[in-house]
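# Per-entry structural report
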Amino acid sequence: MTDLPDVQSQAAQLRPVMARPPGREYAAELWRRREFITTAPRNQLRATNMDTVLGNLWFLVNPALQMIVYWLMFGVLLDVDRGVDNYIGYLVVGVLTFSYVTGALMASARCMDSNLTLIRSMYFPRAVIPISTLLSNLYTFVPSLLVMIVVVVATGELPTWRWLLLPVIVAGLSLLLLGVVFITARIGKQLPDLHTLLPHLTRLLFYCSGVLFAPAAFTSNELALLLFDINPFFDFVELLRWSLLGRPVEPQIWIFASIWMVALSTFGAWFFWRRELSYGTT
Amino acid sequence: MAELALSAQDIHIRYRTYLDPPQGLRARLKSRQGQRRFRDIDAVRGVSFDLHRGESIGIIGHNGAGKSTILLGLAGLIELRDGQVLARSRPALLGVGALLNPQLSGRRNIELGCLALGVPRSEIDARVEHLIEFAGLQDFIDVPLKAYSSGMRARLAFIVATTSTPDIMLIDEALAVGDQEFHTRAVARLDEIRSEAGAVVIVSHSLTEVRRMCDRALWMDHGVVVMDGPADEVADAYAESSAALSKPPATPPSD
């Protein structure tokens, strides 16, 4: 074995196949897949309604129907406005925004397993999957935003400069949600039980986010109200209402929302990336 | 000797699978094994080999010998329990199961597959038509994948995996389902990849294919390599052992 040193020097040029790229390199790899990240969910959505009669119209009809059910229940039957101006507008923003949150969270718990074939057939940064899962839900949220705007205008609101901030608020909410999706995607991979647990957690979140009622109309307990304010999903729903309906928000809502957005998206990305190599296991 | 393309060093792969014993709750409680619901399977138990540039290695062995699992390990798609795989660049895996979305057309699947691999859009646009023609899929390219036959899927997977010429190519039974005509073309393409100083690892049940396409073969059994040598010798030994096993046991020679 006289060529042993040579073999060793050759081996030094080889790189481990199974290595987690450092953050910056990982981000660059993700960037190279940007077109996949945006195209895959669009194709997926196109395929979902392909064999229905209404086709892609469902993306508009679905949120509209959802809205009508809540309106019949809480607006007509129970008449629970509790002193909220334009309760219908209040309801539509809350319900449809939260539907985006629930949809993304539910999809995230199983996204690594439902894409296992893809994960086991080629290499790409695994963060591609949670990001496209979120994007797929964001795409379906866009028609919901249209429904919101139609309802809001129909109930007498006029566009203001605050509407211009709507895309910014939606982007902020999506970033926050992405952080959570990263976390649930990893946990859901390690602990599939999360998928069954999640509906209960999202329902809890639903009641804590002031979707149907304004919490201030039900309690004057400072601590309870502070807990609502700390909940970032409540904050973003309130910010969307501020933008579309002109409901006043306290400055702390902006602060809590921003802090959570930065903290959760950063932590979530790191948390997911830590287990990068494990997502191919059955 | 040619330069090293890939080096597998004492790799171990284990996966966990769930047990579904055919017994009710009462029996399970009685046997006091209620908690042990999964079993660890050591699919690959310490495999080492070097693959050189321009070389082509065949992996043969019985079902469940760990052949497909080892390819996942070489491609870096599954976590190793121990050991490591070093390579000049990330190997591309070509398998029959590798399809993206059965609802989408062949063309969209090719696009998505290439985009997922990080192939730039310009390169995809420049090559995709040629590749579709190469694979002979022109007539079916806009039909949803679920309408494809298994041979046609294999052709599609071949396109995705070879769009950007990989240095190291890992092939899992993918050529077996194609018809003779495509097989000839695929073999020619693989030879081209090898001549560009690439290397190929093929898992196959066809000893003829291994003899024809490979310089060297590994015979795997129960997660270990039992023989490593020139393709013809290993294929002969494997064929002999299989023949010995499949001989009917109850009929001793009458003479």
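Before reading further, recall that the structure is shown in the block above.
Below is a short write-up of the structure.

The rules behind the values
- Residues numbered from 1 in each chain as written.
- Chains lettered and ligands numbered in written order.
- Predicted model: local features only at pLDDT ≥ 70, side-chain atom pairs only at ≥ 80, totals over all residues.
- Helix = DSSP H or I, 4+ residues; strand = E, 2+ residues; numbered from the N terminus.
- Buried ≥ 20, exposed ≤ 12 C-beta atoms within 10 Å, placed from the backbone.
- Contact = placed C-beta atoms within 7 Å.
- Core = buried A, V, L, I, M, F, W, Y, C linked by C-beta atoms within 7 Å.
- Nonpolar A, V, L, I, M, F, W, Y, C, P; charged D, E, K, R; others polar.
- Axes fitted to C-alpha atoms, helices over the stretch in contact; angles between N-to-C directions.
- Parallel < 35°, antiparallel > 145°, perpendicular 65-115°, else oblique.
- Left-handed = near helix turned anticlockwise from the far one by under 90°.

Before going further, it helps to spend a moment on the overall build of chain A. Counting its regular elements, chain A contains 12 helices and 1 strand. Helices and strands appear in chain A in the N-to-C order α-β-α-α-α-α-α-α-α-α-α-α-α. Dimensions of chain A along its principal axes, counting C-alpha atoms only, are 90 × 50 × 40 Å. Looking at chain A as a whole, 36% of its 282 residues are labelled buried. Taking the intrachain contacts of chain A between residues at least 6 apart in sequence as the baseline, contacts between residues at least 24 apart amount to 81%.

Before going further, it helps to examine the nonpolar core. In terms of nonpolar packing, the biggest core is built from 134 residues, with V92 of chain A together with L6, L74, L170 and A217 of chain B touching the most fellow members. Take this core: its biggest share by element is 15 residues, from helix α5 (residues 87–114) of chain A. When residues no more than four places from it in sequence are discounted, the contact partners of L170 of chain B are L71, L74, A75, P91, A92, L93, L94 and V201 of chain B.

If you look at the interface, chain B gives 35 residues, while chain A gives 32 residues. Looking at the side of chain B that touches chain A, the elements with two or more residues in it are β1 (4–18), α2 (67–74), β4 (82–87), β5 (92–95) and α3 (106–117) of chain B. Considering every element that reaches the side of chain B that touches chain A, the biggest residue donor is α3 of chain B, with 5 residues. In terms of residue class, the side of chain B that touches chain A is made up of 21 nonpolar, 8 polar and 6 charged.

Turning next to the packing of helix α4 (residues 58–77) of chain A against α5 of chain A. All names here are of chain A. Closest axis-to-axis distance for the α4/α5 pair is 10 Å, and the angle between their directions is 130°. Here α4 is positioned oblique relative to α5, judged by the angle of their axes. Pair α4 / α5 crosses with right-handed handedness. Between α4, through P63, Q66, M67, Y70, W71, F74 and G75, and α5, the contact on the second element is made entirely by Y87, I88, L91, V92, V95, L96 and S99. Residue composition of the contact of α4 with α5, grouped by class: 11 nonpolar, 3 polar and no charged.

The phi torsion at N86 of chain A lies on the positive side, around 50°, for a residue other than glycine. Its identity is not glycine, yet D10 of chain B carries a phi of approximately 50°, on the positive side. As for its position among the elements, D10 of chain B is in strand β1. Of the residues examined, D10 of chain B has 12 C-beta atoms within 10 Å and is grouped as exposed.

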